[in-house]
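Listed here are the chains, written in short residue letters.
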Amino acid sequence: MNLVLRLAWRNLWRQPRRTWLTTGAMVFSNILLVFMISLQFGMYGVMIDNTLQTFTGHLQVQAPGYKDDQKMRQVVEDIRPLAATIRAELNNDRVAARGTAFALASSDDRSYGIAIIGVEPEFEPLVSTVPGLVRDGRYLGAYAAEEIVIGAALARNLRIGVGDELTLLGSARDGSFAAAIVIVVGIFDSGVNDFDRSFAEIPLGLFEDTFFMQGAGHQVVVNTTDIDQVAASKTQVEQLLPHDQALVVHDWDALQPGLKQAIKADMSSAFFMYGILVILVAFSVLNTQLMSVLERTHEFGIAMALGLTPWRLGRLVLLETAIMGALGLVLGALLGALVTSWFTVNGFSVPGMEEMAAKFNLPGRVFPRVSMLTLIVGPAIVYLFTMLAAVYPAQRMHRLQPVEALRSL
Amino acid sequence: MNLQLAILFRLAWRNLWRNHRRTAIMLGAIVIGTWAMIFMTALTRGMVTDVLEDGINALPGHVQVHHPEFRDDPSVANLLPITDSELTTRFSAAGLAGWAARVRVPAIVTSEYDSRGVTLLGIDAEHERGLTFVDYEEVDGRFLESVDDTGIVIGRKLARTLNTEVGKRVVLMSQDPDNDIADRGFRVVGVFSASVSAFEDQFIFAGKKTVQDMLRIGDQVSELFVVGDDYRNVEDAFEKTVSLVDGNVIVQRWYDLDAYLGSMLKVMDGFMFIWIVVIFLALSFGLVNTLVMAVFERVREIGLMLALGMRPSNILGQIIVESLMLLAIGLGVGTFLAWAAIQPIKDGIDLSIVGDGLDMWGMSSVLVPQLTLNDVVLANVTVLVLGFFASLSPAWRASRYEPIEAITKV
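Remember, it's a predicted structure, so these values are computed and weren't measured experimentally.

What counts and what doesn't
- Residues numbered from 1 in each chain as written.
- Chains lettered and ligands numbered in written order.
- Predicted model: local features only at pLDDT ≥ 70, side-chain atom pairs only at ≥ 80, totals over all residues.
- Heavy atoms only, no water.
- Helix = DSSP H or I, 4+ residues; strand = E, 2+ residues; numbered from the N terminus.
- Rg over C-alpha atoms; globule rule 2.2 N^0.38 Å.
- Buried < 20%, exposed > 50% of the residue type's maximum accessible area, 1.4 Å probe, protein only.
- Contact = heavy atoms within 4.5 Å.
- Lys, Arg positive; Asp, Glu negative; His and termini not counted.
- Charge placed at Lys NZ, Arg CZ, Asp CG, Glu CD.
- Areas by Shrake-Rupley, 256 points an atom, 1.4 Å probe, with all protein chains shown as cover.
- Core = buried A, V, L, I, M, F, W, Y, C linked by side-chain atoms within 4.5 Å.
- Phe/Tyr/Trp six-rings, centres within 6.5 Å; stacked < 30°, edge-to-face > 60°.
- Lys NZ or Arg CZ within 6 Å of the ring centre and 35° of its normal.
- Buried area = accessible area lost by both parts, 1.4 Å probe.
- Salt bridge = Lys/Arg side-chain N within 4 Å of Asp/Glu carboxyl O.
- Polar contact = N/O pair within 3.5 Å; in protein donor to acceptor, adjacent residues only side chain to side chain.
- Nonpolar A, V, L, I, M, F, W, Y, C, P; charged D, E, K, R; others polar.
- Arc of directions from axis to C-beta.
- Patch = residues over 30% accessible without salt bridge, like charges linked within 9 Å, V, L, I, M, F, W, Y side chains within 5 Å.
- Axes fitted to C-alpha atoms, helices over the stretch in contact; angles between N-to-C directions.
- Parallel < 35°, antiparallel > 145°, perpendicular 65-115°, else oblique.
- Left-handed = near helix turned anticlockwise from the far one by under 90°.

Caption draft 1: Focus on the overall build of chain B. Of regular secondary structure, chain B possesses 14 helices and twelve strands. Computed over the C-alpha atoms, the radius of gyration of chain B is 31 Å, more than 25% above the 22 Å expected from 2.2 N^0.38 for a compact globule of 410 residues. The dimensions of chain B, computed from C-alpha atoms along their principal axes, are 100 × 45 × 30 Å. A burial count over chain B gives 56% of its 410 residues as buried. Of the contacts formed within chain B by residues at least 6 apart in sequence, a portion of 78% connects residues at least 24 apart. Computing the positive centroid from 34 side-chain charges and the negative centroid from 49, chain B places the two 13 Å apart.

Written as structure tokens, this is what we have:
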């Protein structure tokens, strides 16, 4: 071990309690940071997945303006061939065409206004979790069959079950009267009543006939294999669009602008808190190092009288801090990883969170996501601020006058 | 005893300033910590209040009365068994801060361009002025004028989707209790905006009498809501409401009606307490460190005091008082700074950059911080109490010194 290093190491343990308390502050903050950041990333991941996979998908091809207004007339013409082309060119089956309309759904007893989604029964299960939620009966089969799949809450309210008839009344693409009689073949249950009550799905062929769509639909949903490939796929899809009609491709961020912003809003408040935590640790370090320097004035005086430069003494103080910081970093990251790993298996939940989570279509437990990044970011910033805090005590060396320093006790 | 206490305080105060650098740094940390605690708490409190008030205004009311089936099946078939006029007789004299009965049914609205599913509210506009989320003065066109007003008021977003505007006609379609289609044409007389954009899509207001006629339900209504004096304490309004209704109805408080809103207050209170404790813990390492150092430097002096007959309990008290004084000064300055930091943003911070995201959480894009005495006291008391416990160990250690050993210690 080199001499300066050994000196720094020994100096640290002259006051073991103080060193441990200061390191303790770092370890505490690091554990907290690792856990919180992993938890946040876990939550964001689930938020994005749940929101997008329920319905939205990663990309959608739409008519310009449809995203904001969702008017019946803002259509994608010849939507099935377009979906087929995208499917073939991207070599990805997770592409599905949809149409959306609003209608009054009436059973013998009740009527409710709902959104009617026309879907491709073959491909819809690959882009949406709704088909997987079918609890009674089955999902849609044939492309033009007169079938419908409705939510559990709606079925309860309409007082119908699998096999019963439902009348749909609405207006068609051209504003004319649209009506259809369909048989309920399946009931899906997401557990969120408002969601289940808000829409029903019918085959796209029937949808086109009923609402006089003439081969048009409203959106082609594309799910990429990985959320990171969205940008690349978007460019690819854009090149596949027909030239004879104006269409746009929206990525999930444009489709659900709230999602990224909700994450951003949450992140900024979290960063404020982390910032405060780091600053408090820095103060702790500043205090400790300043005290340790002031205590040793006499000793530093001797060292300087013997010919050591203030610069070298300053480096010694910085080195002590660096060792202490490294200790805090390693212990903090390790313990943080340990604590967080336990929660990645068992999940994390606070009382009341389930009700809140349900509102955003989230599970009541969050599983933190540990990665190299979440392990290192927090502790690294704490380390950086630790070193910054040591600058003032270290540069005090330059103000030291050997003779005066020798006199002080 | 009083004299002793006075000496204790004076000693602690003077000791605090013997190493002014250390004390200043520690104070700095406490001030920043306190500032962050209270500032953050005020922002969070403001946010929660905003969400709660918006949510409660949308419900609306603090207490609601429905047919027992209505919540799960909000249909025209599940009306209140008590007629509107009977409700009026009973509730007018009850001395409640506010109440109103309304018809609430799902409906389809159709313009010549498009149709949408909505919630149709048949209301007595004058009667519920100021009780719901709609500001009548801010409406484009006009708001409803009477219970038999033949116009409707729709949200801004819905107006755009339907391609309609003030003066144009739309058709509303719903069902009557016999499940026959009930429909009627209306003229749009007003367009409202709401801080939560989903409301602009969802609600359509029409005259109560007009809707009752359209749905062929005579003098019946779907729900009654009551506004009490304070949403934090609705028991009084709840009791009164329960005593005024009878028969096949269910009376619920706002936190039963909306589990999300109900859990919000709890979750946020929990979060704020955790935040305060976390900050304190981060501070406590420095605090204990400072005390340990202060005791360590004064070993000989403490030994001398013990030798001269000062009781160990007085040494203990002296260190604890020193620590609490340090905390109290830091807390005072920090609280003041937090208050000062809130002054320039008292009227709200514009967060519209992330407006859509806040919309998702049910928040409007202007955040008005709310500094409540309760939260300030909670933060200060928590820190003082925890600070007391954190100082126990170094103080205890100091009071247990052997006088002889301590005096001879170099």
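Caption draft 2: Quick look at the overall build of chain A. Counting secondary structure elements, chain A contains 16 helices and ten strands. Compactness check: chain A gives a C-alpha radius of gyration of 32 Å against a globular reference of 22 Å for 409 residues, more than 25% above the reference. For the C-alpha atoms alone, the extent of chain A along its principal axes is close to 100 × 45 × 30 Å. When burial is assessed residue by residue, chain A has 54% of its 409 residues classed as buried. Contacts spanning at least 24 positions in sequence make up 79% of the contacts within chain A whose residues lie at least 6 apart. Summed over its atoms, the accessible surface of chain A is roughly 17,400 Å², and 60% of this surface lies on carbon and sulfur atoms. Distance from the positive charge centre (31 side chains) to the negative charge centre (37 side chains) of chain A: 19 Å.

Caption draft 3: Representation of the nonpolar core within the structure. Residues Phe300(A) and Ile279(B) are the most contacted members of the largest nonpolar core, which totals 68 residues. Ranked by the residues each element gives to this core, the list is headed by helix 11 (residues 257-295) of chain A, at 13 residues. In contact with Ile279(B), not counting residues within four places along its chain, are Ile276(A), Leu280(A), Gly33(B), Ala36(B) and Met37(B).

Caption draft 4: Layout of the packing of aromatic side chains. A complete count under the given rule lists 29 aromatic pairs over all chains for this structure. Considering the side-chain rings of Phe195(A) and Phe199(A), the 5.2 Å spacing of their centres and the 75° angle between planes classify their relative orientation as edge-to-face. For Phe195(A), a relative accessible area of 23% translates into the label partly exposed. Under the relative-accessibility criterion, Phe199(A) is labelled buried at 5%. Through a chain of ring-to-ring contacts, the aromatic side chains of Phe133(B), Tyr136(B), Phe143(B), Phe192(B), Phe199(B), Phe203(B) and Phe205(B) assemble into a single cluster. One Lys or Arg, Arg98(A), reaches over the ring of Phe55(A) and ends 4.4 Å from the middle of that ring. In this arrangement the basic side chain of Arg232(B) is found over the ring face of Tyr231(B), its NZ or CZ atom lying 4.8 Å from the centre.

Caption draft 5: Layout of the side chain of Gln212(B). All names here are of chain B. With respect to the helices and strands, Gln-212 occurs in helix 6 (residues 208-215). Residue class for Gln-212 comes out buried when judged on its relative accessible area of 3%. Other than its neighbours up to four places away in sequence, Gln-212 contacts Asp-84, Val-103, Ile-217, Gly-218, Asp-219, Gln-220 and Val-221.

Caption draft 6: Seen up close, the interface of chain B and chain A. Contacts between the two partners involve 65 residues from chain B and, on the opposite side, 66 residues from chain A. Carbon and sulfur atoms make up 66% of the area that chain B and chain A hide from each other, which totals about 5,800 Å². In this structure, the connection of chain B to chain A is made through five salt bridges. The residue Asp69(A) makes a salt bridge to Arg160(B) at a minimum N-O spacing of 3.1 Å. Scanning the region where chain B abuts chain A turns up 17 residue pairs in polar contact (both at pLDDT 80 or more). Within the residue set of the side of chain B that touches chain A, elements represented by two or more residues are helix 2 (20-58), strand 2 (98-110), strand 3 (115-123), helix 4 (156-162), strand 6 (169-175), helix 9 (259-297) and helix 12 (355-360) of chain B. For the side of chain B that touches chain A, the element with the most residues is helix 9 of chain B, which contributes 20 residues. Class assignment of the residues belonging to the side of chain B that touches chain A gives a composition of 36 nonpolar, 18 polar and eleven charged.

Caption draft 7: Up close: helix 9 (residues 230-240) of chain A. Residue and element names in this part refer to chain A. Taken as a whole, helix 9 has its buried residues at Val-230, Ser-233 and Val-237. Buried positions in helix 9, seen along its axis, are confined to an arc of 65° and lie on one side of it. Along helix 9, the residues that are exposed and aim more than 90 degrees away from the buried face are Ala-231 and Gln-239. Among the structural elements, strand 1 (59-62), helix 4 (79-90), strand 10 (248-251) and helix 10 (252-255) are those in contact with the buried residues of helix 9.

Caption draft 8: Summary view of a negative patch on the surface. Judged by side-chain charge, Asp108(A), Asp109(A), Asp164(A) and Glu165(A) come together as a negatively charged surface patch. Relative to the helices and strands, Asp164(A) is located in the loop between helix 6 (152-158) and strand 6 (165-171).

Caption draft 9: Layout of the pattern of salt bridges. One pass over the structure, following the stated rule, counts 42 salt bridges over all chains. Glu223(B) is the partner of Arg102(B) in a salt bridge, and the nearest nitrogen-oxygen pair spans 3.8 Å. With Arg102(B) in strand 2 and Glu223(B) in strand 9 (residues 223-227), this residue pair connects regions lying 121 residues apart in the sequence. Among the charged side chains, a salt-bridge network with shared partners connects Arg156(A), Asp194(A), Arg197(A) and Asp72(B).

Caption draft 10: Quick look at the packing of helix 12 (residues 297-305) of chain A against helix 13 (residues 310-346) of chain A. Residue and element names in this part refer to chain A. Interhelical geometry of helix 12 versus helix 13 gives an angle of 140° and a closest axis separation of 10 Å. Compared by their axis directions, helix 12 and helix 13 come out oblique. Classified by chirality, the crossing of helix 13 by helix 12 is right-handed. Facing Phe-300, Ala-303 and Met-304 of helix 12, the residues of helix 13 in contact are Pro-310, Leu-313, Leu-316 and Val-317. Its residues placed into classes, the contact of helix 12 with helix 13 shows seven nonpolar, no polar and no charged.

Caption draft 11: Representation of the environment of Arg369(A) in the model. All names here are of chain A. With respect to the secondary-structure elements, Arg-369 resides in the loop between helix 14 (353-359) and helix 15 (372-395). Residues Arg-369 and Leu-12, spaced 357 residues apart in sequence, show a C-alpha to C-alpha distance of 35 Å. In this structure, Arg-369 is in contact with Ser-38, Phe-41, Gly-42, Gly-45, Val-46, Asp-49, Thr-344 and Thr-374, ignoring residues within four places of it in sequence.

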